[in-house]
Each structure stands twice: as structure tokens, then as C-alpha cells.
Amino acid sequence: MDSQRIIACALMTIAMTLVGSGVAASKIIAGGMHPFLAVPLRFLISTPILWGLVFLTSTPRPQLLAKEYVIVMIQAAAGSAGYSILMILALTLTTSANASVIHGLLPVLAALVATLALKERLGAKLWIAVGAVTAGALLVNVASAKGFGLDLKLLAGNLLVVLAVSGEALFAILNKRISKPLAPLYLAALMSSISLLLTLPLAAGLVAFSTVAAAPAALLATVYISIFPTVIGFWLWYSGAARASGGEAGVFMAVLPVAALVLSFLLLGETITPIHILGTALVVLGIAVSVSGARTVKKQAAEGVHV
């Protein structure tokens, strides 16, 4: 393996570990701050940093059509602001360990949506990948069973994680609707700005009509998630992906659920059961199978990280 590929592997591994750490950070936020306050604060911190990087690196900023700005707004609402709010809400109900496994649905779900939207035939490998990651996610819900019933609180939280991840998948497919290729850094800055504008009214309403409280740990976690997963993780991912093929980049998406699960144990002290390990293994298998044979999946995986 040449030095460029070694560097690419290291960068993408660190990036996905940072993104995975965002799941544990979101769990800390869920225990000490309302999402309508935490999410605007996150984008208030990340937006000036991203725009500073855009100008420092002279990143191209093409003019978009009005309808394309609408698409970017939908991307920001679903895959950025919506995802962040739903994840924090979900983690008030479920565990970080559960969310970690379910989060592995993202690359295969994005590929499935893209394939269906482009009216391409679903290959056998994509069906296997979908089956594997779905089985992994379902195992987590089985693990939430109590006797012959279900823990409805955990189940509701798990479903909210699926909904959040679906918003990220929508982000990937909507990229196809923009005629001009946008530099990832410029797109990230745009989405962060729009997400800030969309969520500020939520914070204003919260402050106006209720008592606002924020635990110090939740504030620190919000600052952390604003800088490390959102900015540094993004930067490292695209630096690594630029040195690798789409298929190779896709494989490293599997680091996210594994890193998130390990960090749930190390940082939060959550219990990791054999079901979590088996579910994660199925998710990783699904991602590996999907990137080994689906052209659409490879491209979606390479574009899979955003704020």
C-alpha cells in the first residue's frame, strides 16, 4: 500500500471516529439541554468557522438558480437541522449504543434511495446489503424487548433515529438535483447557515415561553460537536476521500457505527450486549457488500459526510 493510500485510510478512519463520537455527544446533550437550544448553538459556532475556511481556501462559490437554493434549504432542513434535532430527541428515549448500530443504515439507505430515484435495477449485492443492515437494526429493537412485550420508550427512540438517518439519506439524493457541482466545503457552509436560520426561531420561542436551562456537560458537548464532528471530521473525511476511490471511501463508512458503539461504552458507560455486537457486525457486512458492487453506493458513500 502506497503512502497516499495509508494517509487516506488514516484520515477517513479518524473522520468517521469523530463523526461517531457525535452520537455519544448527542446523548450528553439530550440529558442536559433542550434540542431547540442546542442545535441553533451548534450552527452558531460552526457557521463562521466553515465560512472562514471557504474564504481562506478560496473555495469556488457558484451562483445557484432559485430552485437550487430551495433544494439546498430542503437538504439543510432534513439532513442537517432536522437530523440534529431528531437525534437529540431520540437519545432522550433510547441509548447511544442502540443509536450507534441503527446509524449504520445511512450509506446503504442513501444508495437504495438513489438507485430507486434513478430508476436503476436493484442488483443482488444491494439487496443483500439492505437485508444485512436492516437485520442489524431490527436486532437492536429485539434487544429492547421486555419479556413478551416491547419497551415502547426505547422503540420510539430507535424509530426517531431511523427517521433522522433517513433525513441524511435524503440529503445525498437531493445533491443529484443541483446542476452545478458544489465544493463540499461551500455546501457545508451553506447548509450550516441555512440550518442556523431555520433553528433560531425555535430557540427564540423556547426562551420566550419557557425556562431555559443547560447543564455544563451539555454545553461542552455542544461546543465539541460543533467543532470536531461538524468541521474537523468533515475536513478530514474529504481530505481522505480525495486520495481514495469511491468504493474505498465507502468501506470506511463502516467505522462510524463501530466507533460510536465503542465510545458509548467508554465515555458513557453504557452496556454493550452480544445483540449490539451482532447488529453492528451485520451493519458493517452490509456496508462492505454494498460498496463492493454498486456504482451508486460508491458515489453516495464518498459524498456521505456533511454537517
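Reading the values: rules and limits
- Residues numbered from 1 in each chain as written.
- Predicted model: local features only at pLDDT ≥ 70, side-chain atom pairs only at ≥ 80, totals over all residues.
- Heavy atoms only, no water.
- Axes fitted to C-alpha atoms, helices over the stretch in contact; angles between N-to-C directions.
- Helix = DSSP H or I, 4+ residues; strand = E, 2+ residues; numbered from the N terminus.
- Parallel < 35°, antiparallel > 145°, perpendicular 65-115°, else oblique.
- Left-handed = near helix turned anticlockwise from the far one by under 90°.
- Contact = heavy atoms within 4.5 Å.
- Nonpolar A, V, L, I, M, F, W, Y, C, P; charged D, E, K, R; others polar.
- Buried < 20%, exposed > 50% of the residue type's maximum accessible area, 1.4 Å probe, protein only.
- pLDDT = per-residue confidence, 0-100.
- Patch = residues over 30% accessible without salt bridge, like charges linked within 9 Å, V, L, I, M, F, W, Y side chains within 5 Å.
- Areas by Shrake-Rupley, 256 points an atom, 1.4 Å probe, with all protein chains shown as cover.
- Salt bridge = Lys/Arg side-chain N within 4 Å of Asp/Glu carboxyl O.

## Overview of the packing of helix H2 (residues 35-56) against helix H3 (residues 66-91)
- As a packed pair, H2 and H3 sit with axes 10 Å apart at the nearest point and diverge in direction by 140°. In terms of orientation, H2 and H3 fall into the oblique class. H2 and H3 meet at a crossing whose hand is right-handed. Contact residues: H2 offers Pro-35, Phe-36, Ala-38, Val-39, Arg-42 and Phe-43, while H3 offers Ser-80, Ala-81, Ser-84, Ile-85, Ile-88 and Leu-89.
- The class makeup of the residues in the contact of H2 with H3 is nine nonpolar, two polar and one charged.

## Observations regarding helix H4 (residues 96-103)
- Within H4, eight of the eight residues are buried, which leaves the element mostly enclosed by the surrounding structure.
- Turning to H4, its buried residues number three or more, namely Ser-96, Ala-97, Asn-98, Ala-99, Ser-100, Val-101, Ile-102 and His-103.

## A word on the confidence of the model for the protein chain
- Taken over all residues, the pLDDT of the protein chain has a mean of 83, while the share at 70 or more is 82%.
- Here helix H13 (residues 295-302) stands out as the element of the protein chain with the lowest mean pLDDT, 48, in contrast to H2, whose mean of 96 is the highest.
- Every residue in residues 294-298 is under pLDDT 50, and counting partners more than four places away or in other chains gives 13 contacts.

## Brief notes about the environment of Leu-50
- Of note, Leu-50 is situated in helix H2.
- With a relative accessible area of 0%, Leu-50 lands in the buried category.
- Leu-50 sits 177 residues away from Ile-227 along the chain, and the two C-alpha atoms are 9.7 Å apart.

## A closer look at a nonpolar patch on the surface
- A grouping of Val-258, Val-262, Phe-265, Leu-266 and Leu-267 is seen on the molecular surface, where their side chains present a nonpolar patch of about 470 Å² in accessible area.
- Accessibility expressed as a relative area gives 34% for Val-258, which makes it partly exposed.

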